[in-house]
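# A look at the structure
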Amino acid sequence: MPRNLIVHPLVLRRVQVVRTTDVTPRMKRVTVTGELGSFTRDGITRPAFSTPAFDDHVKLIFASDGDLESVLPIQHADSIEWTPSDTRQGRDYTPRRFDPETGELDLDFVLHGQGPAVTWAHRAQIGDELWFAGPKSSTVVPDDADWSLLVGDETALPAIGRFFEERPVPGPIRALIVTADSAARQDLAVGPDDDVKWLTGDSADPNVYQAALTALPPLPGRPYVWAGGESRALLPVRRHASTQLNAPKSHTNITGYWHRRTRVETPSPVPWLAIRAALELGIVDAIASGTTLPALAASIGVVEGALEPLVAVLQDADVVRRSDNTIALGTLGSDLASDEHARERFTGTEGAEIMALTQLAPALRAGTPAWSRLYGTSAVDESAEELVEGAERLAFVITGLPALPVWSGEIAFSGPGAVVLADTICPDAPATIAETPAMLAQLEATSTRHDFRNGWSKHEVVAAALALSHRSDAESIEYLTRLREATSKLVVIDALELDALSPSVSEQALRIVAVTGTAPRSIADIHRIAALSGWRVADERPLGWGISYFQLDAVEEGP
């Protein structure tokens, strides 16, 4: 887990409305109280609510059919489990104010638009009940920033308001706030060296932000840049932070709070494949500041005649825009140029998994993973960098594991989540981490305090963190069998259930089939794979977010 995050136990809480206040004609403040101190429910004692960071968020939970009980997550000892649901409606909100002495929490609701949270806020009366979970973590603002730039729309006002009041960066603040109506403007704790510019316009229009940022003179020193609003509208903020302010990624936090809806159609695969090719050829980077077709062809080493149809498809997808003979980046192209996570959909592990689906039919007939059929390699080694990055989510569900009695003697760690788990289990001393060369290199890049080894020796306990989810059954059995040579006690922590909050659960499941050759594994599958590898499941427990814990004991071989 990155050092700039504070992880909190994930707790499901029930609160009641005690007061409502109209902040502006377009924003309503709802004050709630209830399970905000330490409390016990179903025999589990939960810690008090905490919100140390100005942009924390909690997830409010609603049900489209009114049956709230059926959509609430399951509370585990140290986390929660989001079960599949077709009627759950979750909405993220920033706590505007929390007073632990009075046990009151303020939540601010923008009243325009539609949705379950807006509807609930409109109708909220004293005594009404509300369920929420979180925050799961808090971002620690860098302590070496000299000034701050805050950018956002009405949905960002709770976070911006807290920033002005709490001053996580001591220097002056520059704020650009876009609202659709001047009636949305509200009082902020503006200091004598601060400057707030209120803009009236379409907060989903990137041009509104671009013009204001261009006219904003930067302050001397290193900035901290924060922005929240419509995801694509904030692209100019991301570019301005990196190109004009030279703000490092550690000092930039730009979050898409919402997305403007577009008409949903069954997409053609051609634009996706064209974008993937454009990224692999370096087209997006080559035209970042504008170019011509002949110059582009020469710079990437492609025949101009063959490049013309590709550029035409990219133009239809708004990756590029053409004016006379000039080619420049479009909206999606700018997104791809400035956001590495946007590229991963096409050229990262997700993109590689989608490409493997081209071999899905013959792979299913043969009973083999489509991935290995296409690439001839293991997905674990080929996707090591992104698997290690994705393993950071473990930190949210393993906070209670150090108390288990299994951790004794010499412990070694393996899998993409090895560093995250080692940091939790062995916080005060270096741990042994052993992996294959490709995975080991990525793990070493995230930590300098552990002992990294290419190979195994004898250990009292070996813990494998997220080591099976991208392995086929055959690869998993081989892996677990090999670990019997290193230990007689094995801890396996792995993802079984998919993210039930994701709108594309079925697509996630199909990509797993492409990688492993099987559907997402169940607890019974882990028992089966363990038995085939010479292990017996001695203990198991859900940790939350679809991740489960298993303690395996080696089965002694008969005479």
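Residues numbered from 1 in each chain as written. Predicted model: local features only at pLDDT ≥ 70, side-chain atom pairs only at ≥ 80, totals over all residues. Heavy atoms only, no water.

## Observations concerning the overall build of the protein
Summing up its helical and strand segments, the protein has 20 helices and 28 strands in all. Here the C-alpha radius of gyration of the protein, 26 Å, is about what a compact globule of 559 residues would show, namely 24 Å. If you line up the protein on its principal axes, its C-alpha atoms span 85 × 70 × 50 Å. Residue burial in the protein is summarised as follows: out of 559 residues, 49% are buried. Pairs at least 24 apart in sequence give 67% of the contacts found in the protein among residues at least 6 apart. Accessible area for the protein stands at about 25,600 Å²; split by element, carbon and sulfur atoms hold 50% of it. Distance from the positive charge centre (49 side chains) to the negative charge centre (75 side chains) of the protein: 2 Å. (Helix = DSSP H or I, 4+ residues; strand = E, 2+ residues; numbered from the N terminus. Rg over C-alpha atoms; globule rule 2.2 N^0.38 Å. Buried < 20%, exposed > 50% of the residue type's maximum accessible area, 1.4 Å probe, protein only. Contact = heavy atoms within 4.5 Å. Areas by Shrake-Rupley, 256 points an atom, 1.4 Å probe, with all protein chains shown as cover. Lys, Arg positive; Asp, Glu negative; His and termini not counted. Charge placed at Lys NZ, Arg CZ, Asp CG, Glu CD.)

## A word on the sheet that holds strand β24 (residues 451-453)
An order of β24-β23-β22-β25-β26-β28-β27 is seen for the seven strands of this open sheet, with the pairing classed as mixed. Taken across any chain shown, the strands that pair with only one partner, and hence form the sheet edges, are β24 and β27 (535-544). Along the sheet, successive strands turn relative to each other by an average axial angle of 20°, direction set aside. By the bridge criterion, two bridges tie strand β22 (residues 411-414) to strand β23 (residues 432-434) in an arrangement that is parallel. (Pairing = 2+ DSSP bridges. Axes fitted to C-alpha atoms, helices over the stretch in contact; angles between N-to-C directions.)

## Here's the deal with helix α3 (residues 206-214)
Among all positions in α3, only Val208, Tyr209, Ala212 and Leu213 are buried. The buried side chains of α3 occupy one side of the element, clustering within an arc of 120° when seen end-on. For α3, exposure combined with an orientation more than 90 degrees from the buried face picks out Asn207 and Thr214. In the core, the buried residues of α3 are packed alongside β14 (147-152), β15 (173-179), β16 (195-200) and α4 (235-244). Capping the start of α3 is the job of one residue whose side-chain oxygen sits 3.0 Å from the backbone nitrogen of asparagine 207: aspartate 205. (Arc of directions from axis to C-beta. Polar contact = N/O pair within 3.5 Å; in protein donor to acceptor, adjacent residues only side chain to side chain.)

## A word on the pairing of β27
Pairing analysis gives eight bridges linking β27 to strand β28 (residues 547-554), with the strands arranged antiparallel. Paired with arginine 541 across the bridge in β28 is tyrosine 549. Connecting β27 to the antiparallel partner β28 that follows it, the hairpin turn spans two residues, and tryptophan 545 within it adopts a positive phi of roughly 55°.

## Overview of the pattern of salt bridges
For the coordinates displayed, the defined rule picks out 28 salt bridges. The salt bridge involving aspartate 144 is made with arginine 222; its shortest N-O contact spans 3.0 Å. Here arginine 222 lies in the loop between α3 and β17 (223-230) and aspartate 144 lies in the loop between β13 (137-139) and β14, a separation of 78 residues in the sequence. Classification of arginine 222 by relative accessible area gives partly exposed; the value is 37%. Each of Arg19, Arg97, Glu104 and Asp106 takes part in salt bridges that share partners, so that together they form one network. (Salt bridge = Lys/Arg side-chain N within 4 Å of Asp/Glu carboxyl O.)

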